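Here are the chains, one letter per residue:
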Amino acid sequence: MLTAASLTAVSLALAAGPGNEPPPGPNHSIRPCPIGLVLHDPQLYCVIEVSPAVEPTFQPAGTAVAWESGAMTDQLWVWRGTLIGAPYSGHTVVVLPIGSVVSIHLYHGGGLFGPWLNGHTVRPGDWNLDGQVNSDDISAFLRDWLAAPQGHQAITGEVSRGDYNLDGWVNSADISAFLEGWLASL
Ligand SMILES: [Ca+2]
Ligand SMILES: [Ca+2]
């Protein structure tokens, strides 16, 4: 059951974000979308490990530069490179199969930052990235959707957390898309 206390707990967890320490500068964050994970303002050297071995791809085009990428074994693909972020919204979508297990490590200032995600199973309905898909995710998504400016999104700044389907608009289609992803995650 949704209570004020649980909402506060989810809010604090989301504010802290996955990983250890927030990096200096832009407020990096990560969240699911229908086709994988969205990283906001990455702009950092990044290592992505995917199991079973599937090469991650990136959207929009040109928002990632691979240094090396390949299958280590049938169960492990390692991608190393730099995530740049889209010119206006500052995000990079890491396209990953639902159900794949991913670790995303960022490096900053010569050291490992994070991991942002470690052994995370990709599910489009796991909004709070806690590895479970349950009603907490619906509560958390609706809270973010309600907090987001509605309608067409400005082309500067972080892509809105309310824009689940990444079409540039925050509207009821995002709720439908999230619930569809949530159901597909069960
Ligand atoms: Ca969850
Ligand atoms: Ca949208």
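Residues numbered from 1 in each chain as written. Chains lettered and ligands numbered in written order. Predicted model: local features only at pLDDT ≥ 70, side-chain atom pairs only at ≥ 80, totals over all residues.

Asks: Describe in detail the overall build of the chain, supporting the description with residues and values.
Replies: The number of helices and strands found in the chain is three helices and eleven strands. What you see in the chain, going N to C, is helices and strands ordered as α-β-β-β-β-β-β-β-β-β-α-β-β-α. Looking at the chain as a whole, 37% of its 186 residues are labelled buried. In the chain, of all internal contacts separated by at least 6 residues, the share reaching a separation of at least 24 is 54%. (Helix = DSSP H or I, 4+ residues; strand = E, 2+ residues; numbered from the N terminus. Buried ≥ 20, exposed ≤ 12 C-beta atoms within 10 Å, placed from the backbone. Contact = placed C-beta atoms within 7 Å.)

Asks: Any details on the nonpolar core? Residues and values, ideally.
Replies: One finds L37, I48, V94 and V102 to be the most contacted residues of the largest nonpolar core, which totals 34 residues. Looking at which element gives the most residues to this core, the answer is strand 3 (residues 44-51), with four residues. Those residues in contact with L37, other than ones at most four positions away along the chain, are I30, P32, V94, L96 and V122. (Core = buried A, V, L, I, M, F, W, Y, C linked by C-beta atoms within 7 Å.)

Asks: Which residues make up the sheet that holds strand 1 (residues 29-33), and what values go with them?
Replies: Here four strands make up an open sheet; going across it, the order is 1-2-7-4 and the pairing antiparallel. Only two strands of the sheet have a single neighbouring strand rather than two, namely strand 1 and strand 4 (57-59). Across the sheet, the mean angle from the axis of one strand to that of its neighbour is 30°, orientation sign disregarded. As paired elements, strand 4 and strand 7 (residues 91-95) share three bridges and run antiparallel to each other. Within the sheet, the bridge partner assigned to T57 lies in strand 7 and is V95. (Pairing = 2+ DSSP bridges. Axes fitted to C-alpha atoms, helices over the stretch in contact; angles between N-to-C directions.)

Asks: Please provide a residue-by-residue account of the pairing of strand 6 (residues 76-83), values included.
Replies: As paired strands, strand 3 and strand 6 are joined by seven bridges and run antiparallel to one another. Among the inter-strand pairings, V47 is bridged to a residue of strand 6, identified as R80. The sheet contact formed by strand 5 (residues 64-73) and strand 6 spans eight bridges and is antiparallel. Among the inter-strand pairings, E68 is bridged to a residue of strand 6, identified as R80.

Asks: Describe helix 2 (residues 135-147), and please don't skip the residues or the numbers.
Replies: Given a rise of 1.5 Å per residue, 13 residues ought to cover 18 Å, and the 18 Å separating the end C-alpha atoms of helix 2 matches this to within 8%. Those residues of helix 2 not exposed but buried are D137, A140, F141, D144 and W145. The buried residues of helix 2 all sit within an arc of 135° when viewed along its axis, so they share a single face. Facing away from the buried side of helix 2 by over 90 degrees, the exposed positions are S135, L146 and A147. (Expected span 1.5 Å × (residues − 1). Arc of directions from axis to C-beta.)

Asks: Would you mind going over the confidence of the model for the chain in detail, with residue names and values included?
Replies: On average, residues of the chain carry a pLDDT of 83, and 79% of them reach 70 or more. Every residue in residues 22-26 is under pLDDT 50, and counting partners more than four places away or in other chains gives five contacts. (pLDDT = per-residue confidence, 0-100.)

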